[in-house]
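Chains, contacts and geometry: an overview
Take a look at the letters that make up each chain.
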Amino acid sequence: MGEQAQILQGTLDLLILKAVSLGPLHGYGVLLRIEQISRGALLIEQGALYPALFRLVRQGYLKANWGTSENNRKAKFYELTAAGRKRLRAEADGWKRLVEAVGSVLGAEAEEV
Amino acid sequence: MGLMSWWRATIAGLTRRKRVEEEMDEEIRGHIRERAEDLKRAGVPREEAQRRAKIEFGAVERFKEECREERGGMWMETLWSDARFGVRMLRKSPGFTASAILTLALGIGANTAIFSVVHAVILRPLPYQAPERLAMVKEWIPKAVPDPIPVCAPDVVQFQTQNQTFQSLAGFWGTTFDFDDGGKPTRLTVERVSASLFATLGTQPLIGRTFTAEEDRPGHLVAILSYGFWERQFGGRREVIGRSVTLNRQPYVVIGVMPRGAVFPVVGMEQGEAADVFIPMAFTPEELAGVGDNFNFSVVGRLKTGVSVEQATADLQKIARQIEETTYPVAVRSQIELNALALPLTEQVVGKVRRLLLLLLGAVGFVLLIGCINIGNLLLVRAADREREIAVRLALGASRWRLLRQLVAENLLLTLAGATLGLMLAYWTTDALLALMPKDVPLFHEVGLNLAVLGFTVGLAVVTGVAFGILPVLTGSPRDVNEALKEGGRTGTEGMEHQRLRGTLVVAEVALAMVQLVGAGLLLRSFQRVVETDPGFRPEQVLTASLSLPGSQYKEEAQIKSFYQRLMQRLRQLPGTKAAGASTDLPLEAGWTHLFTVEGYQPPPGAELNRCNHSVILGDYLQTMGVPLIRGRYFTEQDNEKSEHALIVSESLARRYWPKEDAMGKRLKWGPGDSKDPWLTIVGVVGDVKPRGLDLETTPHTYEPYLQNPGDSLNVAVRTPAEPGSMAAELRAAVWSIDPHLAVARVRTMDQVIRESTSPRRFGLLLVGSFALLALLLAGVGIYGVISYSVMRRVHEIGVRMALGAQEGDVRALVLRQSAALLGAGVAIGVAGALGVTRLLESFLYEVKPTDPLTFLSVVLALAGVALMACWVPARKATRVDPVVALRYE
């Protein structure tokens, strides 16, 4: 699996929103997609996914519907709502800004300070 | 989350709870299944794949719990499930549950009952408008009487007209009238009141009107009925207005009815009971002429807005000084210093009983506290037993907060069940409580269960539930799951921490019970002393009744005298009579206080005025009461209007003024030396009689023959060898044979009179005593619980000891030693506590010191006895331990 990073508190919601934005997914699917996108670099405690999903549903960013999985089993599929799409955009922008800021701080040379 | 969505989630959570739960299970199961299949595809063997899938997912129950919380709408559901789980847990240990609920029911029930009285008497305002602005106005002659006294008639008018600080001021005076509705004549309490009384109180009549100023002058026979009398006598009919009622054989026209609850006067305003009927004060010219005489009239006033009681007092003092200077005769002025003051009405009414009621509230609070300690103890035991359960639940992912909530929910269930039962107990005992209540407790509000009382009870239940629930959790929540699971094994002994805490609780319990018992013991000893006090007369076998001849019928003194003389004759002739007599007042219920001058006696400078209680007596009154003659003679029929004025004095009076001489033949007169009253010659000395209460000081007393100073009201007394109550019918018949329209009121035996005078003490003692017994019982149960539990836990250890040769006696000693240590510590703390607390009791004690060693000793012995009994059973059980069985347990 290579080197794995622990998920920062609060970023799990962002990751879930991003994963689901690419198409409706069931819980296990969300896990797989995050692993797939991050090429296995991010470690998610599997059970922790569910409280986050429930939270996002309650906050109205996701909606859940029962459907059939690839294996022809009953499963709950999550998809992004309009509010969720907006939230994802806002969070993603914020995250990028943070990353750039932290990146430039870490990359700063002595003269630039 | 907005309020609406929160609410929706709550509702949805409740209605779809089951489905949502199933879906969550299904979703998680699906996840694990998919994972396992992926792993299998990756080449992991089937069983291993399933195991790994589960491990990778993590603690299922914990995540489920988190999901539930994230889902929202949880709180109701958690509450519900907590409650259901609580009920299940409680049902699993019915013994514990029953004893806890019963203890709580007793504790909370007793507290509720007492609180309902405290609420009705102390906390609720007097039944008048803005009662905080009402004040009693009293005169005060410190030289003559230490306490403030009512006001004399002309001064009432002076205060009414001269004051600057009262919005209005009203006089009132309670008396009794015969009421005749054609049946048996009865006695009513009639209040003569100023026309301004109703405005002063701010009370509007329910129907009709109040008195006019014109009606407040002599010659108007009008009456206002109290709500109670109106209901009783006229069935609440409104047509009563304009009808006439016969009072003291005169027709009074009913002009109004007071509203329900507007009781007047209430205890503490003046002696006597609440009025049945109000009539106008209408001072007579004779009354208004009685300057400095007959301080009989009570006065109540409404302060002007913003005026304090102190300002009012200053105002009244100024008027009093004016009155003394301008109206009192010089001779009187030199003797007295007339003062006046205003006293807040509420304090006057409630002040005396407040301490008694707060004492009871404190005592009953102790009972609940001890009960809570017992339950806390039981809970600790359960906590120890449940440590494993709790550890398992923690291991499965329950949060500590959730567990705490669960335990608190269980306790709340217990206390609320206890409170419900307690409320029922309180409801049933209120009547009994009221029957016991002494007459000086002002009950103008209904005592019973109302919102405030209910709130108090529920509050009490919640506080106790949370308090004793948290205690074991805080100290006893498992420190470490692994540890707990290990310790919870078969041979586990209770954690040291628990054991110490439980010991401490029992010590506290013993100490509290000790304090309570000492308090009750001191009250009991006081009561004993009071009852054993020689009243100065022989109360057994004496029947009394009160008679009052209405002036409208008995206009001439000769008529009055003739009536009573004939009555005496009749009573003497009754077959059951040993002796008969009559007096203006009865022992323990002294009426008049007289000021007098002793011939040839120079009081030391600064001495108080000479004063005594005074009775006018007829027939063989002193013989009937059994007051012993010490010197001289009793009165005879020869002590009449024609003979020299005679007087009998009490022993203490004779000793005080003639310590070395014979009092016989000495003379004294009422008022100052130059008053117009005749000199009275002492013809006899009799024993001292308790004038106002068995526990009050004896005061000098004088007796005067009725024929030399007749009046219309007398208490008749008959001594009979038989049971005195059986004479009542004959006594009534004798009175009615002379005057069939005269009410025979207050027919009582002297034993009853004594009981009435001791009823406040009896009330306090009975309640504090029963609370103390309850405390003792609970403490015993507490000790039993701890000792028997510890024996159960130490079966193994005891088995080893016995296998090593310990004898039965050794084992018993082991158990008793533990109990003795708890008891000793509890008693030591209890003694210290009792010494501190009983000082508060001092004013309730009579001839007993708060540190009375006998009481302390008996209480310690009682506690020791109970403790011994409490650990007897466990000790026996310990000696029966079979070492073979105990060790096989290993």
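Residues numbered from 1 in each chain as written. Chains lettered and ligands numbered in written order. Predicted model: local features only at pLDDT ≥ 70, side-chain atom pairs only at ≥ 80, totals over all residues. Heavy atoms only, no water.

This part is about the pairing of strand β12 (residues 579-583) of chain B. Residue and element names in this part refer to chain B. For β12, the tally of buried residues reaches 5 of 5 residues, placing the bulk of the element in the interior. Burial of the side chains of β12 extends over both faces: Ala579, Gly581 and Ser583 are buried on one face and Ala580 and Ala582 on the other. Two elements, β12 and strand β20 (residues 713-719), share 5 bridges in a ladder whose sense is antiparallel. Residue pairing across strands places Gly581 opposite Ala717, the latter belonging to β20. Alignment of β12 against strand β14 (residues 611-619), held across 3 bridges, turns out to be antiparallel. Each bridged residue has a counterpart across the sheet, and for Ala582 the counterpart in β14 is Leu618. (Buried < 20%, exposed > 50% of the residue type's maximum accessible area, 1.4 Å probe, protein only. Helix = DSSP H or I, 4+ residues; strand = E, 2+ residues; numbered from the N terminus. Pairing = 2+ DSSP bridges.)

In this model helix α11 (residues 309-327) of chain B runs 26 Å from its N-terminal to its C-terminal C-alpha over 19 residues, within 8% of the 27 Å that 1.5 Å per residue would give. For α11 of chain B, every residue scored as buried is listed here: Val309, Ala312, Thr313, Asp315, Leu316, Ile319, Ala320, Ile323 and Glu324 of chain B. (Expected span 1.5 Å × (residues − 1).)

What follows deals with the interface of chain B and chain A. Across the contact, 22 residues belong to chain B and 22 residues belong to chain A. Here chain B packs against chain A, burying approximately 2200 Å² in sum over the two surfaces, 52% of which is carbon and sulfur. Viewed at the interface, chain A and chain B are joined by 1 salt bridge. Lys76 of chain A serves as the salt-bridge partner of Glu27 of chain B, at 3.5 Å between the closest nitrogen and oxygen. Seen at the junction of chain B and chain A, the total is 8 residue pairs in polar contact (both at pLDDT 80 or more). At the level of secondary structure, the elements contributing two or more residues to the side of chain B that touches chain A comprise α2 (17-41), α3 (46-57) and α4 (60-71) of chain B. Among the elements that line the side of chain B that touches chain A, the one with the most residues is α2 of chain B, at 11 residues. (Contact = heavy atoms within 4.5 Å. Buried area = accessible area lost by both parts, 1.4 Å probe. Salt bridge = Lys/Arg side-chain N within 4 Å of Asp/Glu carboxyl O. Polar contact = N/O pair within 3.5 Å; in protein donor to acceptor, adjacent residues only side chain to side chain.)

To find leftover empty space, a probe the size of one water molecule is rolled over the atoms. All chains considered together, the criterion is met by 4 cavities of 30 Å³ or more. The volume enclosed by the largest cavity comes to roughly 120 Å³. Around the largest cavity, the lining comprises 15 residues; the ones closest to its centre are Lys74 and Ala75 of chain A together with Glu27, Gly30 and His31 of chain B. Of all the elements in the fold, those that place two or more residues in the lining of the largest cavity are α2 (27-37) and β5 (74-80) of chain A together with α2 of chain B. At 6 residues, the largest contribution of residues to the lining of the largest cavity is made by α2 of chain B. Of the residues that constitute the lining of the largest cavity, the class distribution is 4 nonpolar, 4 polar and 7 charged. The volume enclosed by the second largest cavity comes to roughly 80 Å³. Considering the residues around the second largest cavity, the lining is formed by 14 residues, among which Leu586, Pro587, Val689, His701 and Tyr703 of chain B are closest to the centre. (1 Å grid on protein atoms, 1.4 Å probe; cavity = no way out; pocket = protein on both sides within 12 Å on 5 of 7 lines; lining within 4 Å. Points joined across faces, edges and corners; volume = space filled by probe spheres on them. Nonpolar A, V, L, I, M, F, W, Y, C, P; charged D, E, K, R; others polar.)

Moving on, we come to the pattern of salt bridges. Residue and element names in this part refer to chain B. Taken as a whole and assessed by the stated rule, the structure comprises 32 salt bridges over all chains. The closest approach of N and O atoms between Asp695 and Arg761, which form a salt bridge, is 2.9 Å. Of the two residues, Asp695 sits in the loop between β18 (680-686) and β19 (701-705) while Arg761 sits in helix α24 (residues 759-793), which places them 66 residues apart along the sequence. Here Asp695 falls in the partly exposed class, since its relative accessible area comes to 29%. Residue Arg812 pairs with Glu808 through a salt bridge whose shortest N-O separation is 3.6 Å. Residue Arg812 and its partner Glu808 are both found in helix α26 (residues 808-837); the two are separated by 4 residues, about one turn of the helix. A relative accessible area of 25% means that Arg812 is categorised as partly exposed. You can call Glu808 partly exposed: its relative accessible area is 45%.

Another aspect to go through is the environment of Arg839 of chain B. All names here are of chain B. Its place among the elements puts Arg839 in the loop between α26 and α27 (853-879). For Arg839, a relative accessible area of 57% corresponds to the exposed category. A C-alpha to C-alpha distance of 44 Å links Arg839 and Lys669, two positions 170 residues apart in sequence.

The tally for this structure, following the rule as stated, stands at 19 aromatic pairs over all chains. Each ring, one from Phe264 of chain B and one from Phe278 of chain B, has its centre 6.4 Å from the other, and the planes form 40 degrees; the classification is tilted. Pair noted here: Phe264 of chain B is in the loop between β7 (250-257) and β8 (277-280) and Phe278 of chain B is in strand β8, with a separation of 14 residues, a long-range link. On the basis of relative accessible area, Phe264 of chain B is assigned to the buried category, the value being 2%. For Phe278 of chain B, a relative accessible area of 2% corresponds to the buried category. Between Phe596 of chain B and Tyr657 of chain B, the aromatic rings sit 5.7 Å apart at their centres with planes inclined by 75 degrees, giving edge-to-face as the arrangement. Of this pair, Phe596 of chain B sits in strand β13 (residues 592-598) while Tyr657 of chain B sits in helix α21 (residues 651-657), and the two are 61 residues apart along the sequence. Just above the ring of Trp66 of chain A sits the side chain of Lys74 of chain A; from NZ or CZ to the centre is 4.6 Å. Arg355 of chain B extends its terminal NZ or CZ atom over the ring of Phe844 of chain B, reaching a point 5.6 Å from the ring centre. (Phe/Tyr/Trp six-rings, centres within 6.5 Å; stacked < 30°, edge-to-face > 60°. Lys NZ or Arg CZ within 6 Å of the ring centre and 35° of its normal.)

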